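This is what each chain is made of:
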Amino acid sequence: MKTNLLNFIRTQLFSAQTSFNNIKHLEIQLRRSYSGKKLFLLLFTILAIAVLNMAWIGHLASDDKAYISAALGWLNEFPYVPDSHWAVRHTLNIPMAIIFRLFGEGEFQSVLVSLIYGIALLTILAFSVRRIASLNAAMIACLFIIFTPFFSETVTISGVDVVETFYVILSLLLYLFAIEHKGALTFMLAAGIASGLAFLSRETSVGLIAAYGILFLFRPYTERWRYFVIGFGFVAILGVEMAYYAWAIDDPLLRFKIALSTFDIPDPITGTGNLVTNWWFAPIFSLLVNNEFGLTYWIAALIIFISRRKNKGLDHTISLNQIIFVFSVAAISWFLVVGYMLDLRALPRYFLVTTILVITVASLYGSFLVTQIRVRYLTLAIAFFVVVQITLIDLSNQQLLLPERTLTRLANSDKTSPIYTDPYTNWRSSYFLKWAGTSRDHVIITPPEQGAIFLYNPKGVAKGFATDYGQFDPKKYHPNTEWSLITIFRGNPTLTGSVLIKSGMEKLIEALGLNRIIWETEPVFLYRVE
């Protein structure tokens, strides 16, 4: 009996020691996991800041002028009534108005809305993918997105692309959450509200409505009547806007009248950003052969193909299968509707939603591959992808308004005498001059007279037209041989340009007319008129 008692005590002590070791091992694993997450978050934050700093654009003096104008309208003209399709982007313009109220007007403040939406998009995707799949999948998705040139650029300008994408992705994630909870009506309603906000961002989000229609017909995942709750949420948001217009100007259909007027385009296929103009191939080439997306679609397709081959028959969780199917349907639906049914130019910016959805699906498949590939090969593959994408971000070179920034700097450096320039450059500089507190009388846009200091922007003069001014004669703004050249202003070289300059290839590239590869912007010239 004594022996049995001793054996029992030894057994219990050994069991306790084993349990203690197991608990200690679990604690170490949790600490390592937590430390790994913190390390990834820190490294990703540093990396994201570096990439965004490299891709940073700021004020473009393009569509963003209209967004800024609408934001100021909400601040100063209540009840504000939009007068263009840019002005009805309420999910961008109203937050910008709030930021202007809180922090004042400025270039960074105008971009801050897009930056916040970009961070929010990464956050909701990372948490959702981590919860449904794994930390590996979330990390792959975040890295994939931040190194996609168009995403890194679009969050550094005042634009609606990332705003619309945020609400589309939010709607789909809320829908998936509802399905996971047996079609919970609260989440179905929230998905509908998010889709309504996506529509207020831009009408191209009918691509999302088409995706819900396909799911409703062919794979509803829940009772079909619950989809009407999504529709109710969508209509509720539109109803609020229509009620506002009915109250303000007695025209609840104002948005739709403005939207329909924008479809009157003589040739919707040709335009900036297109590699080909063929109606069938333009959308495809926009995704596959464009520096805005780089290798994103090629690598995503390769990951999906290899993973499906290597993991054939692998049982995914129900949630994982659902997000893959729903995101795939939404990606294809968006591409077809926006690329072929809305009579739009096949510009890359219209396909950011498809891009984010494809990246997410590829990341879910990629999370299985990273554990099956040797570290050496995985490191080489990631390094190759990063180098190519960074180079393409660099080559995107959005021409950072050197003439307009130079005009503003010159106008504020000497306030005793005015500076002359062409009407187009002055129009593009309007918000820079306003934010700098420059008097409008200090910049003169009539043809320069004797003794004048004239900033010559070849591209601006060549336009021969400026919004809010009309036509002007470029010949009256061209320098002649009697004018004295004071200085030439050049932009900084691009990263690629710096390499080419050091390798002695600068003259060859310039001779081929590819200056944009080397310099961030074309030079501008400061003359004294004699």
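Below: a short report on this structure. What you see is a predicted model, and the numbers here were worked out from it, not measured in a lab.

1. Examining the pattern of salt bridges
Stage number 1. Scanning the model with the defined rule gives 11 salt bridges in all.
Stage number 2. Measuring nitrogen to oxygen at the nearest pair gives 3.0 Å for the salt bridge that ties arginine 131 to glutamate 180. Of this pair, arginine 131 sits in helix 4 (residues 107-132) while glutamate 180 sits in helix 7 (residues 161-180); the two residues are 49 residues apart in sequence, bridging distant segments of the chain.
Stage number 3. In this structure glutamate 180 comes out as partly exposed when scored by relative accessible area, which is 34%.
Stage number 4. A salt bridge links arginine 255 to glutamate 203; the nearest nitrogen and oxygen atoms lie 2.6 Å apart. Of this pair, arginine 255 sits in helix 11 (residues 254-261) while glutamate 203 sits in the loop between helix 8 (185-201) and helix 9 (206-218), placing them 52 residues apart in sequence.
Stage number 5. Arginine 255 gets classed as buried once you look at its relative accessible area, which sits at 1%.
Stage number 6. Glutamate 203 sits in the buried class, given a relative accessible area of 17%.
Stage number 7. If you follow the salt bridges from partner to partner, you end up with Arg89, Glu203, Glu241 and Arg255 in one network.

2. What to know about the packing of helix 9 against helix 10 (residues 227-249)
Stage number 1. At a minimum axis separation of 11 Å, helix 9 and helix 10 run at an interaxial angle of 165°. The angle between the axes of helix 9 and helix 10 places the two elements in the roughly antiparallel class. The two elements helix 9 and helix 10 meet at a crossing, and its hand is left-handed. On helix 10, the residues that touch Ile209, Tyr212, Leu215 and Phe216 of helix 9 are Tyr227, Phe228, Ile230 and Phe234.
Stage number 2. Broken down by class, the residue content of the contact of helix 9 with helix 10 amounts to 8 nonpolar, no polar and no charged.

3. Looking at helix 7
Stage number 1. Between its first and last C-alpha atoms helix 7 spans 29 Å; for 20 residues at 1.5 Å apiece the expected length is 28 Å, and the two agree.
Stage number 2. Taking burial as the measure, the 20 residues of helix 7 include 17 buried ones, the bulk of the element.
Stage number 3. Two residues or fewer after helix 7 comes lysine 182, characterised by a positive phi angle close to 60°.

4. Details of helix 4
Stage number 1. The end-to-end C-alpha distance of helix 4, which contains 26 residues, comes to 38 Å, matching closely the 38 Å that a straight helix rising 1.5 Å per residue would cover.
Stage number 2. Of all the bends in helix 4, the largest measures some 30° and sits at valine 113.

5. Looking at the side chain of serine 429
Stage number 1. Topologically, serine 429 is positioned in the loop between helix 18 (423-428) and helix 19 (430-435).
Stage number 2. Residue classification places serine 429 among the buried positions, given a relative accessible area of 0%.
Stage number 3. From its side chain, serine 429 meets the backbone oxygen of threonine 425 in a polar contact 2.6 Å long.
Stage number 4. Discounting residues that sit within four places of it in the chain, serine 429 has contacts with Glu404, Leu407 and Thr408.

6. Some words on the environment of phenylalanine 228
Stage number 1. Within the secondary structure layout, phenylalanine 228 lies in helix 10.
Stage number 2. Among the residues examined, phenylalanine 228 registers a relative accessible area of 59% and is labelled exposed.
Stage number 3. Note: C-alpha distance between phenylalanine 228 and glycine 192 (36 residues apart in sequence) is 9.1 Å.

7. Some points on a nonpolar patch on the surface
Stage number 1. A grouping of Trp279, Trp280, Phe281, Ile284, Leu288, Val289 and Trp298 is seen on the molecular surface, where their side chains present a nonpolar patch of about 710 Å² in accessible area.
Stage number 2. Here phenylalanine 281 falls in the partly exposed class, since its relative accessible area comes to 45%.

8. A short note on the nonpolar core
Stage number 1. Judged by nonpolar contacts, the single largest core of 105 residues is most densely connected at Ile146, Phe151, Leu172, Tyr175 and Phe327.
Stage number 2. Once you skip the residues sitting within four places of it in the chain, tyrosine 175 turns out to touch Met188, Ala191, Tyr212, Leu215, Arg219, Pro220, Tyr221, Tyr227, Ile230 and Val326.

9. Some remarks on empty space enclosed by the protein
Stage number 1. This model, assessed by the stated rule, comprises 1 cavity of 30 Å³ or more.
Stage number 2. Roughly 30 Å³ of internal volume is contained in the largest cavity.
Stage number 3. Forming the walls of the largest cavity are Arg131, Ile132, Leu176, Glu180, Ser319 and Gln322.
Stage number 4. Elements that contribute at least two residues to the lining of the largest cavity include exactly helix 4, helix 7 and helix 14 (318-341).
Stage number 5. Tallied by class, the residues present in the lining of the largest cavity amount to 2 nonpolar, 2 polar and 2 charged.

What counts as what
Residues numbered from 1 in each chain as written. Predicted model: local features only at pLDDT ≥ 70, side-chain atom pairs only at ≥ 80, totals over all residues. Heavy atoms only, no water. Salt bridge = Lys/Arg side-chain N within 4 Å of Asp/Glu carboxyl O. Helix = DSSP H or I, 4+ residues; strand = E, 2+ residues; numbered from the N terminus. Buried < 20%, exposed > 50% of the residue type's maximum accessible area, 1.4 Å probe, protein only. Axes fitted to C-alpha atoms, helices over the stretch in contact; angles between N-to-C directions. Parallel < 35°, antiparallel > 145°, perpendicular 65-115°, else oblique. Left-handed = near helix turned anticlockwise from the far one by under 90°. Contact = heavy atoms within 4.5 Å. Nonpolar A, V, L, I, M, F, W, Y, C, P; charged D, E, K, R; others polar. Expected span 1.5 Å × (residues − 1). Bend = angle between axes of the 7 residues up to and from the residue. Polar contact = N/O pair within 3.5 Å; in protein donor to acceptor, adjacent residues only side chain to side chain. Patch = residues over 30% accessible without salt bridge, like charges linked within 9 Å, V, L, I, M, F, W, Y side chains within 5 Å. Areas by Shrake-Rupley, 256 points an atom, 1.4 Å probe, with all protein chains shown as cover. Core = buried A, V, L, I, M, F, W, Y, C linked by side-chain atoms within 4.5 Å. 1 Å grid on protein atoms, 1.4 Å probe; cavity = no way out; pocket = protein on both sides within 12 Å on 5 of 7 lines; lining within 4 Å. Points joined across faces, edges and corners; volume = space filled by probe spheres on them.

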